[in-house]
Amino acid sequence: MTDAPVVSLLVCTRNRADALGRLLRSITRADTHRDAPTIEVVIVDNGSTDATPARLRQWQAQQPFPVRLIDEPRPGLARARNAGLAAVRGSIVAMTDDDCDLHPDYFVALARCFTETPRPAIVGGRILPGDPADLPITVKLEDHPMIAPPDQFPGGFVMGANLAMTADVPRRVGPFDERFGAGARFGAAEDTDFLLRAQAAGITLHYDPRFVVDHHHGRRHLAEERALLAGYSIGDGALYAKFLFRDRRIVSFLLRDLRLLWLDVTRPVRAHPSIRAFYLFVLRHKLIGMAAYLRRGHMPAGR
């Protein structure tokens, strides 16, 4: 295939040989849609020690579209994403996780969305639960388009499991911060860090429910939910510390967190039964993240 790809789909994976088939089959299926744009797939193997590399090579050989396999042995999702971004060639860069699968019209809907969105653009898509037995977390269910207010903390507005951008965005924003995300010191918030910097660069964040993935995250126990939400909040708190002296919005985010504490009394969150006072739980772990970031000697003004 000689045409330059319209869409580059970036996937980072590690030790998922037994589960990758679902995602890979969904990519092949979505490419067969009659209106699908020209695509390429870039997959970063982030130091797998199982049969993942062989599984990927086998699938690569069977595809009619270009598949580029990148080896990044140093662990860390942000590091793997940076390796993948250095290799993509499409005018639109889409990212999904290795425990997701694409809906059949994914590439069609994605391309259509970007024809209607001014550039530079970041657009997050819909994330549905892949298994009804999984807890209803790490999903994005809204069925209507939205634009993030520039003074709103972007965490959760769109998510890295279904995130796309025009190719000029990484050049404007810079790489993912490798101190954040799975496999790093702060095991979350690498996507939120990227979004905060994008907003500061004047790039609008959009949500569009037309391009959809199903997320098979496999978390079914309340202890797993509690640990996940604690990790997200610690990552967000580390971001507060990172940007404290160079982004005036951080103080307003903290003040909003304090105001939300009253809701634990007047309108307590019932969606997370493992957490009794949700807003206090979030703020406490954000403060833990702030302290951890500063304790390690990071300069808040650093990228």
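Residues numbered from 1 in each chain as written. Predicted model: local features only at pLDDT ≥ 70, side-chain atom pairs only at ≥ 80, totals over all residues. Heavy atoms only, no water.

Caption draft 1: Here's a closer look at the nonpolar core. By size, the foremost hydrophobic cluster in this structure holds 32 residues, and its most contacted members are Leu9, Ile27, Val41, Tyr106, Phe107 and Leu110. Among the elements that take part in this core, helix H4 (residues 106-115) stands out by supplying 6 residues, more than any other. One finds Met95, Phe157, Leu163 and Leu205 within the second-largest nonpolar core, a separate group that totals 28 residues. (Core = buried A, V, L, I, M, F, W, Y, C linked by side-chain atoms within 4.5 Å. Buried < 20%, exposed > 50% of the residue type's maximum accessible area, 1.4 Å probe, protein only. Helix = DSSP H or I, 4+ residues; strand = E, 2+ residues; numbered from the N terminus.)

Caption draft 2: Structural detail: the pattern of salt bridges. Tallied over the full model, the rule gives 19 salt bridges. Close ionic contact of Asp193 with Lys242 constitutes a salt bridge, the shortest N to O distance being 2.6 Å. Here Lys242 lies in helix H7 (residues 222-243) and Asp193 lies in helix H6 (residues 190-200), a separation of 49 residues in the sequence. With a closest N to O distance of 3.2 Å, Lys286 and Asp257 form a salt bridge. Taken as a pair, Lys286 in helix H10 (residues 278-295) and Asp257 in helix H8 (residues 249-260) lie far apart in primary sequence, 29 residues in all. With respect to class, Lys286 is no different from Asp257; both count as buried. Salt bridges here are not isolated pairs; linked through shared partners, they connect Asp177, Arg179, Asp193, Arg197 and Lys242. (Salt bridge = Lys/Arg side-chain N within 4 Å of Asp/Glu carboxyl O.)

Caption draft 3: View of the packing of aromatic side chains. Tallied over the full model, the rule gives 11 aromatic pairs. Aromatic side chains Phe153 and Phe253 sit 5.3 Å apart centroid to centroid with 75° between the ring planes, which places their arrangement in the edge-to-face category. Taken together, the residues span a long stretch of sequence, with Phe153 in the loop between strand E7 (146-147) and strand E8 (162-166) and Phe253 in helix H8 at a distance of 100 residues. Residue Phe153 is classed as buried on the basis of its relative accessible area, which comes to 14%. Residue classification places Phe253 among the buried residues on the basis of a relative accessible area of 5%. Taken together, Tyr106, Phe107 and Phe211 form an aromatic cluster joined through their ring pairs. Lys286 extends its terminal NZ or CZ atom over the ring of Phe153, reaching a point 5.4 Å from the ring centre. (Phe/Tyr/Trp six-rings, centres within 6.5 Å; stacked < 30°, edge-to-face > 60°. Lys NZ or Arg CZ within 6 Å of the ring centre and 35° of its normal.)

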